[in-house]
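Residues per chain are reported as follows:
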Amino acid sequence: MSEPEPRNGKIIEWVDRRTGLNTIMKVALKEPIPGGARWAYIFGSGLIFTFMLQAITGIFLTLYYSPSADHAYTTVSYITKEVTSGSLIRSIHAYGSSAMVIILILHLTQTFLFGSYKGRRELLWLSGTVLFSLILGMAFTGYLLPWDQNAYFATTVGTNVAGEVPIVGDWIKRLMRGGNDMGTLTISRFFSLHVLFIPAMIAIFVSLHVYLFRKAGAAGPYAADPVEPNLPEESFYPRQLLMDVAFAAVLIAVLAGLARFSPADLGPRANPADTQYLGRPEWYYRSVFQWLKYWNPPYTIIGVLVIPAVVGALFVGLPFYDRRKERRPWKRPVAVFVFLFILGGLIYIGRASYVEDQNNPGVRDQILQQEKETERLMSQPFEPELAGVAKAAPVAISPAAERGKAIFERMACGACHGEGGTGGLALKLAGIGARFPNEKLTELLRKPTPKMLEGGMSPSPLKDPELKDLAEYLTSLKPF
Ligand code: HEC
């Protein structure tokens, strides 16, 4: 009952006795791979690796990011231009999202071509399809957060698509946006999804996915039987682990290189009033963007709902209707053809979107001009938000104040009080509204105090309406 507690240097044993860590590590590393380690199997762990990379860089970004329409753009600009390594971290995060989508496609393609979804792996496949949509959800929600023109317009298009769905579409669109228009509520919804809800779901589904994978066992090469591979086994450690680590190292090198030599940029601040701007989504949503252009009312619903639903059902249901044990791709011509047709179609349509932009001179020039503007902005120093000071200066004033301003100038009040009431300490009029209400001011101008008289101000000869306008102008002068 009372085992002697280990002493000096036996911490690992102590931890193992309480947690079973050694056993867990053994189970993890000794995972049997029928037919041995292969480069084809690196993509699953590559996805876990990029997900962790996104989580870590993402946490650093949240240290500076502020999820509101007022500040999101400025804080991202601050990260890009001022924060130490900010541009590097942000760029790795931005390229990391593309990397994740690419590896996701490779993982899916490998699983499909190897027929690794066969043989009692329905739930494993289902959890994978959930992860697939969660990752696309991460890409969609993250793209809005910098709140620049592209982010704004691409997400406007994206949420409009949801609005096309019959009956519930408008409701979904408003739910996503937090109202009819895009603004701070949209950003906080997307932010919450991007940093809390979707990552938590990904963590849960990755655990489930890995658990189901270990439960079913690795499927091995495509020549093997999916249930009883009957092949000599090699354990995950060391060769497969080394391959996975090598892949992670290559990923890090490529992402860091891209981030260093071609940093992610930030376009002009979102401006809903700019009707000239041509927003474009990230490359992986380009085919969806283009696809929508092909469908016009009354057929929109076919392109937006019917065809995607059919393809989605084919995709999700795959292991339920494709029950043959045959895994070799050349013995499954129909399945492989449909898969490559859809993948190739998406690539073709995506490419068509770029070609179309290039072939339309108006569009090409506009996009070129936008790129130049982005480049110019990127070369500018960081511009902070000026609280109070800058915002107070260009206040729009009322018509009455406008007339008062003319009187102020005509009566040469500025000779003593300075232009716009900005004169020296005692003579400064800006901010006077905080001390005197309008009635008090007109009274003062009509019957100046002895001090004012002494200083050379004479009782005002102006009539009431004019005095009122003048007082209106004086109170509109904000402190500097
Ligand atoms: C000859 C110089 C001169 C001119 C011209 C002049 N003022 Fe003045 N104004 C003064 C002086 C001096 C004071 C008293 C400052 C103090 O109380 O310390 C004063 C005070 C004021 C005050 C009260 C400020 C306070 O803080 O109590 C108001 C309001 C004002 N002036 C408005 C006007 C307007 C409006 C005009 C143009 C119609 C005008 N002044 C033209 C010299 C001038």
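Residues numbered from 1 in each chain as written. Predicted model: local features only at pLDDT ≥ 70, side-chain atom pairs only at ≥ 80, totals over all residues. Heavy atoms only, no water.

**Let's talk about the site of the ligand**
- Neighbouring residues of the ligand: 21 residues in total, closest Cys413, Cys416, His417, Arg435 and Met457.
- His417 has a polar side-chain atom sitting 2.7 Å from a nitrogen atom of the ligand.
- Here Arg435 contributes a side-chain N or O atom positioned 2.8 Å from an oxygen atom of the ligand.
- At the level of secondary structure, the elements contributing two or more residues to the shell around the ligand comprise α17 (414-417), α18 (438-446), α19 (450-454) and α20 (464-476).
- Looking at the shell around the ligand, the element that brings in the most residues is α18, giving 3 residues. (Near = heavy atom within 4 Å. Polar contact = N/O pair within 3.5 Å; in protein donor to acceptor, adjacent residues only side chain to side chain. Helix = DSSP H or I, 4+ residues; strand = E, 2+ residues; numbered from the N terminus.)

**Describing the pattern of salt bridges**
- Applying the stated criterion across every chain, the model contains 15 salt bridges.
- The salt bridge partner of Arg280 is Asp357, with a shortest N-O separation of 2.8 Å. Linking Arg280 in the loop between α10 (236-261) and α11 (283-293) with Asp357 in helix α13 (residues 333-359), this pair joins segments that are 77 residues apart in sequence. Asp357 carries the same exposure label as Arg280, and that label is buried.
- The salt bridge involving Arg328 is made with Glu326; its shortest N-O contact spans 2.9 Å.
- Residues participating in the shared-partner salt-bridge network are Glu443, Arg446, Lys447 and Asp464. (Salt bridge = Lys/Arg side-chain N within 4 Å of Asp/Glu carboxyl O. Buried < 20%, exposed > 50% of the residue type's maximum accessible area, 1.4 Å probe, protein only.)

**So, the nonpolar core**
- Ranked by size, the top nonpolar core spans 19 residues in total, and within it Tyr65, Leu144, Leu145, Trp147, Tyr152 and Ile187 carry the most contacts.
- The set of elements that each furnish at least two residues to this core consists of α4 (72-81), α6 (122-144), α7 (149-163) and α9 (184-216). (Core = buried A, V, L, I, M, F, W, Y, C linked by side-chain atoms within 4.5 Å.)

**Section: the packing of helix α5 (residues 86-113) against α13**
- For the pair α5 and α13, the least separation of the axes is 11 Å and the interaxial angle reads 165°. One element, α5, and the other, α13, form an angle in the roughly antiparallel class. Where α5 crosses over α13, the two elements pack in a sense that is left-handed. Contact with α5, carried on its side by Ile105, Leu108, Thr109, Phe112 and Leu113, involves Ala335, Val336, Phe339 and Leu343 of α13 and no other residues of that element. (Axes fitted to C-alpha atoms, helices over the stretch in contact; angles between N-to-C directions. Parallel < 35°, antiparallel > 145°, perpendicular 65-115°, else oblique. Left-handed = near helix turned anticlockwise from the far one by under 90°. Contact = heavy atoms within 4.5 Å.)

**Considerations on the environment of Phe114**
- Summarising the element assignment, Phe114 is placed in the loop between α5 and α6.
- Here Phe114 falls in the buried class, since its relative accessible area comes to 10%.
- For the pair Phe114 and Pro226, spaced 112 residues apart in sequence, the C-alpha separation works out to 9.9 Å.
- Once residues within four sequence positions are removed from consideration, Phe114 is found in contact with Arg38, Ala40, Tyr41, Gly220, Pro221, Tyr222, Arg327 and Arg332.

**Observations regarding the environment of Gly158**
- Note on placement: Gly158 falls in helix α7.
- The exposure class of Gly158 is partly exposed, given its relative accessible area of 23%.
- Sequence-wise, Gly158 and Val288 are 130 residues apart; in three dimensions their C-alpha atoms are separated by 9.3 Å.

**Quick word on the packing of aromatic side chains**
- The final tally for this structure, using the stated rule, is 22 aromatic pairs.
- Look at Phe43 and Phe247: their rings are 5.9 Å apart centre to centre, the planes differ by 85°, and that puts the pair in the edge-to-face class. Here Phe43, found in helix α3 (residues 42-62), pairs with Phe247, found in helix α10; they are 204 residues apart in sequence, far enough to count as distant. Exposure class is identical for Phe43 and Phe247. Each is buried.
- Judged by centre distance (5.8 Å) and plane angle (20°), the rings of Phe153 and Tyr277 are stacked. You can see Phe153 sitting in helix α7 and its partner Tyr277 sitting in the loop between α10 and α11, a full 124 residues away along the chain. (Phe/Tyr/Trp six-rings, centres within 6.5 Å; stacked < 30°, edge-to-face > 60°.)

As far as function goes, none of this settles anything; it's purely spatial.
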